[in-house]
Each structure stands twice: as C-alpha cells, then as structure tokens.
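Read off the chains here:
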Amino acid sequence: MKTKNHLPSIILVIVAGLLGQVVRAADVYVSAAASLTEVLKEIAIPYEKQSGDNLVFDFAASSVLARQIEEGAPADLIFSADEAKLDALQKEGLLLPETRKSIVSNTLVIVVPNDSTVDFNSAKDLAGPDIKKIAVGEPSSVPAGIYAREYLEKLGIWEKLTDKIVPVESVRAALAAVESGNVDAGIVYKTDALISHKVKVAYEVPASEGPAISYPIAVLKDAKSPDAAKKLAAYLESAPAEAVFEKYGFLLKQ
C-alpha cells in the first residue's frame, strides 16, 4: 500500500497564502503637511507591519499638496494643516466627504536661534528694534503663515511687521531660516520647534489666544486604494497613533 505524499499540496497552500497576502497589500499614497513629517514616519513603522500596506508619503505645504491633487497627482489620502485647503478640494468634488475629519491641532510659537539674546514677554516684542527679519510661511497660502498673520492681526501689529516679514514656501522653510541664522525670528508650530536642536522657543502662543489650528484628513474620490486609505484614516484615530501625536506635541481633537 502506497502512502500519498502530501508535501506538494502543503507547499501549494502556503504559496497561495503568501500570494494572497501580496495581492492584498496596497501602496497608499499620502499627501501630508510638512509639519507632520516626523510623526507620520514614526506611525508608519508599526502600521505597515500590522497592515501589510506600504505608505508612500509626499510632504509639502498644504497649499502645494492641494494644487498637486487638483492637477491630477496620485493621492489616496490627504492630511492637511488647515480646513481651507480641504474646503476647496471638496468644493471641486475631489474628496469622499464622509471620510473627512479633523484629527489633531497645534499651537504657534516664536522661535529664535539658540544664541539669540532677545527677550520676549509677548508676540508684540517682534516689533522691537532687535528683530529685523521674521520668517513665516507664505501668509497668503501656507497654513502656518495664514495662522501667523491671523494672530498678529488680532494683536494689531501685523502692519507694523510687514517690512520685516520674510515669506517662505513652508513652515519647515521658516524653521530652517531661523536655524541658519538668516532671520532673527520665525513663527512656526510648536511641534516644529520641538524637533529642532538649533532654535529655542522665545514665546509660546497660548492655545486660548491663538488661531484655531486644525489638521483634517480625507480620502480622495479618485483614490487607487480607497479601502486601504480608509483603514489608515481609522488607524490615525487609534490609541497607538494618538500616543505618537502627543509625543510630538500635537493636541488631540476633543
């Protein structure tokens, strides 16, 4: 009596299972605000292992990301630093509205080079003679710059600072300008200041006094991997992800 060799069948089952995993894995293209660079890269490590999906990030100013999407750039999920950019994309019918939700918030800070001796008691000190150049994200399009202008207008000092303002393409560019010493101060998010060893916080804008900063997400209507993008969006609200956001200084939305 011959005994059947089941080994080939077992191998086929294993191979089929592995192939199934490969098929199920997806490349998820994520367009994310520059200020989210480090936190999302850290969140991606356990998420990719858990989900099997590969996250492909495009980090830039939210205004740049929105324009790229309008021009047809591939994206499954957008994670903006303000609501206005998503408002525009939603108006153009480029989002799945039911997937839109604000995830985290942030606060503004004034940063100066580590060797700066200028003392700040309030943001109004930006108008002082020791501060000649102030780097901010482009105030007409970059969220961090828009927030900064809104806050300075509220204080009644924006007009006094216009000759000092150095507009740059993103909040990270504003941080870099301060780090290099090319400007005397910059207005960035608190989370940006926390990742730099070359600047110090001269003044932190209280959340109750500053602009309402919101970081919303949404899945794109033409997403190549909509289900995978929705799965990632859900994970960004999970306890493990929230812990990483808090670690980097982001404020969780209530």
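Cut-offs and rules
Residues numbered from 1 in each chain as written. Predicted model: local features only at pLDDT ≥ 70, side-chain atom pairs only at ≥ 80, totals over all residues. Heavy atoms only, no water. Pairing = 2+ DSSP bridges. Helix = DSSP H or I, 4+ residues; strand = E, 2+ residues; numbered from the N terminus. Contact = heavy atoms within 4.5 Å. Axes fitted to C-alpha atoms, helices over the stretch in contact; angles between N-to-C directions. Phe/Tyr/Trp six-rings, centres within 6.5 Å; stacked < 30°, edge-to-face > 60°. Buried < 20%, exposed > 50% of the residue type's maximum accessible area, 1.4 Å probe, protein only. Polar contact = N/O pair within 3.5 Å; in protein donor to acceptor, adjacent residues only side chain to side chain.

**Some remarks on the pairing of strand E4 (residues 101-105)**
Of the strand pairs in this sheet, E4 and strand E10 (residues 215-219) are connected by three bridges, and their pairing is antiparallel. In the strand pairing of E10, Lys101 is matched with Ile217. Bridge analysis of E4 against strand E11 (residues 251-252) gives two bridges, and the strand direction is antiparallel. Bridged to Val104 within E11 is Leu252.

**Quick word on the sheet that holds E4**
Working definition: the strands of a sheet are paired by backbone hydrogen bonds and lie parallel or antiparallel to each other. What the six strands build is an open sheet, ordered E2-E1-E3-E10-E4-E11; its pairing is mixed. Whereas interior strands pair on both sides, the edge strands pair on one side only; in this sheet they are strand E2 (54-60) and E11. Running at roughly 175 degrees to E2, helix H2 (residues 37-51) makes contact with strand E1 (27-33), E2 and strand E3 (77-79) of the sheet.

**A word on the packing of aromatic side chains**
Scanning the model with the defined rule gives seven aromatic pairs in all. Consider the rings of Tyr47 and Tyr235, whose centres lie 4.8 Å apart with planes at 50 degrees: the pair is tilted. Here Tyr235 lies in helix H9 (residues 226-235) and Tyr47 lies in helix H2, a separation of 188 residues in the sequence. Overall, the relative accessible area of 1% leaves Tyr47 in the buried class. With relative accessibility at 11%, the residue Tyr235 sits in the buried group.

**Side note on the environment of Ile157**
Along the chain, Ile157 turns up in the loop between helix H5 (143-155) and helix H6 (158-161). With residues near it in sequence (within four places) discarded, Ile157 still touches Ala123, Lys124 and Leu152.

**Here we look at the environment of Asp27**
Mapped onto the fold, Asp27 is located in strand E1. Sequence separation between Asp27 and Ser225 is 198 residues; the distance between their C-alpha atoms is 7.4 Å. Residues contacting Asp27, with those up to four places away along its chain left out, are Asn54, Asp76 and Ser225. One polar contact links Asp27 to Asn54, side chain to side chain, over a distance of 3.1 Å.

**A look at the sheet that holds strand E7 (residues 165-168)**
Taken together, the five strands give an open sheet; going across it, the order is E7-E6-E8-E5-E9, and neighbouring strands pair in mixed fashion. Both edges of this open sheet fall to E7 and strand E9 (199-204), since each of them pairs with a single strand only. The sheet shows a mean angle of 35 degrees between the axes of neighbouring strands, direction not considered. Contacting strand E5 (108-113), strand E6 (134-137), strand E8 (185-189) and E9, H5 runs over the sheet at an angle of about 110 degrees to E8.

Geometry only, nothing functional implied.
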